Amino acid sequence: MKTRYFIAISIALLMAVVYLIFQNKTAYYIVRHAEKSGDMLTGEGQNRAATLRDSLIGKNIKNVWVSTTNRSQQTAAPLVEALAAAGSFDEAEQYHIYDYPDSDGGASFMTSLKANKGNMLIVGHTDNINAIIDSLIHKDDEIDINPDDYDNMFVVVMWPILNINQLFYTSYGEESP
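The present account deals with the structure reproduced in this document.

Tallied over the entire structure, the rule returns three salt bridges. Two residues, Arg71 and Asp39, come together in a salt bridge whose shortest N-O distance is 2.8 Å. With Arg71 in helix α3 (residues 70–85) and Asp39 in the loop between β2 (36–37) and β3 (40–41), this pair connects stretches of sequence that are 32 residues apart. By relative accessible area, which is 14% here, Arg71 ends up buried. Given a relative accessible area of 26%, Asp39 falls into the partly exposed group. Ionic pairing is found between Asp54 and Arg53, a salt bridge with its closest N-O pair at 2.9 Å.

What follows deals with the sheet that holds strand β4 (residues 61–67). Whether parallel or antiparallel, the strands of a sheet pair through hydrogen bonds between backbone atoms. Spatial ordering of the open sheet is given by β5-β4-β6-β1-β7-β8, a layout of six strands whose pairing is mixed. Looking at the sheet topology across the chains shown, the edges are occupied by β5 (95–98) and β8 (164–171). For this sheet, the mean inter-axis angle between neighbouring strands, taken without regard to orientation, is 20 degrees. Sheet analysis places strand β1 (residues 26–32) next to strand β7 (residues 152–159), joined by six bridges and oriented antiparallel. Looking across to β7, one finds that Tyr28 is bridged to Val156.

The next subject is the packing of helix α2 (residues 43–56) against α3. Look at α2 against α3: their axes get within 8 Å of each other, and the N-to-C directions meet at 45 degrees. In terms of their interaxial angle, α2 and α3 are classed as oblique. Two packed elements cross with a definite hand, and for α2 against α3 that hand is right-handed. Along its contact with α2, which presents Ala49, Ala50, Leu52, Arg53 and Leu56, the element α3 presents Gln74, Thr75, Pro78, Leu79 and Ala82.

Attention shifts here to the side chain of Asn119. Within the element layout of this structure, Asn119 appears in strand β6 (residues 119–124). In this structure the side chain of Asn119 is engaged in a polar contact, spanning 2.8 Å, whose partner is the backbone oxygen of Lys59. Look past the residues within four positions of Asn119 in its chain and what remains in contact with it is Lys25, Thr26, Ala27, Tyr29, Lys59, Asn60, Ile61, Lys62 and Asn63.

As a further point, take the packing of aromatic side chains. Applying the stated rule across the entire model yields three aromatic pairs. Pairing Phe154 with Tyr169 gives two aromatic rings, centres 5.6 Å apart and planes at 50 degrees, and the pair type is tilted. Linking Phe154 in strand β7 with Tyr169 in strand β8, this pair joins segments that are 15 residues apart in sequence. The exposure class of Tyr169 is exposed, given its relative accessible area of 53%. Taken together through their ring pairs, the aromatic side chains of Trp65, Tyr98 and Phe109 make up a single cluster. One cation-aromatic arrangement involves Arg48 over Tyr172; the distance from NZ or CZ to the ring centre is 5.7 Å.

Quick look at the environment of His138 now. By the element assignment, His138 lies in the loop between α6 (129–136) and β7. With 81 residues separating them in the primary sequence, His138 and Ile57 have C-alpha atoms 28 Å apart.

In this section: the nonpolar core. The biggest cluster of nonpolar side chains holds 20 residues, and the ones touching the most others in it are Tyr29, Leu56, Val64, Leu121 and Met153. Elements that contribute at least two residues to this core include exactly β1, α2, β4, α3, β6 and β7. Formed by 18 residues, the second largest nonpolar core is a distinct cluster that contains Trp65, Phe109, Ile137 and Phe154.

Cut-offs and rules
- Residues numbered from 1 in each chain as written.
- Predicted model: local features only at pLDDT ≥ 70, side-chain atom pairs only at ≥ 80, totals over all residues.
- Heavy atoms only, no water.
- Salt bridge = Lys/Arg side-chain N within 4 Å of Asp/Glu carboxyl O.
- Helix = DSSP H or I, 4+ residues; strand = E, 2+ residues; numbered from the N terminus.
- Buried < 20%, exposed > 50% of the residue type's maximum accessible area, 1.4 Å probe, protein only.
- Pairing = 2+ DSSP bridges.
- Axes fitted to C-alpha atoms, helices over the stretch in contact; angles between N-to-C directions.
- Parallel < 35°, antiparallel > 145°, perpendicular 65-115°, else oblique.
- Left-handed = near helix turned anticlockwise from the far one by under 90°.
- Contact = heavy atoms within 4.5 Å.
- Polar contact = N/O pair within 3.5 Å; in protein donor to acceptor, adjacent residues only side chain to side chain.
- Phe/Tyr/Trp six-rings, centres within 6.5 Å; stacked < 30°, edge-to-face > 60°.
- Lys NZ or Arg CZ within 6 Å of the ring centre and 35° of its normal.
- Core = buried A, V, L, I, M, F, W, Y, C linked by side-chain atoms within 4.5 Å.

Below, the structure written as structure tokens:
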């Protein structure tokens, strides 16, 4: 009888620990804006933005960060609209626009970004994705982003309870030329 009680308590404690670990994880999904012409998305870019939505819709996104550019905002728009329609997203609270380029080298943006909790999408640009990733997780080398690459997705996962931060690379949508 004592053995069963001990096993039940052990399983409950293990489940509580696993729950805490996963509840405190934050994933930052970092992408470059989709294909553009000037500051607007092309038809190909709009298709990629829809693919981004489909890729992230089940990822429990709590915050979306976009730059002041139209192309960045248009890249995130399908996801934001889908989350809002599902009732799981309040644009007034969870949609953030950061200055690009900014006057303080990104410091205020990164402070605000880190103050938010939960999984988030960050739509960046060729020249600021490395800085965003480096502020979250200090990496040793620069990520080479070709000006024609639009399919890259970088995922920084932070497990504060375990003091582990990881960087993953994936792609989404059709491969860039």
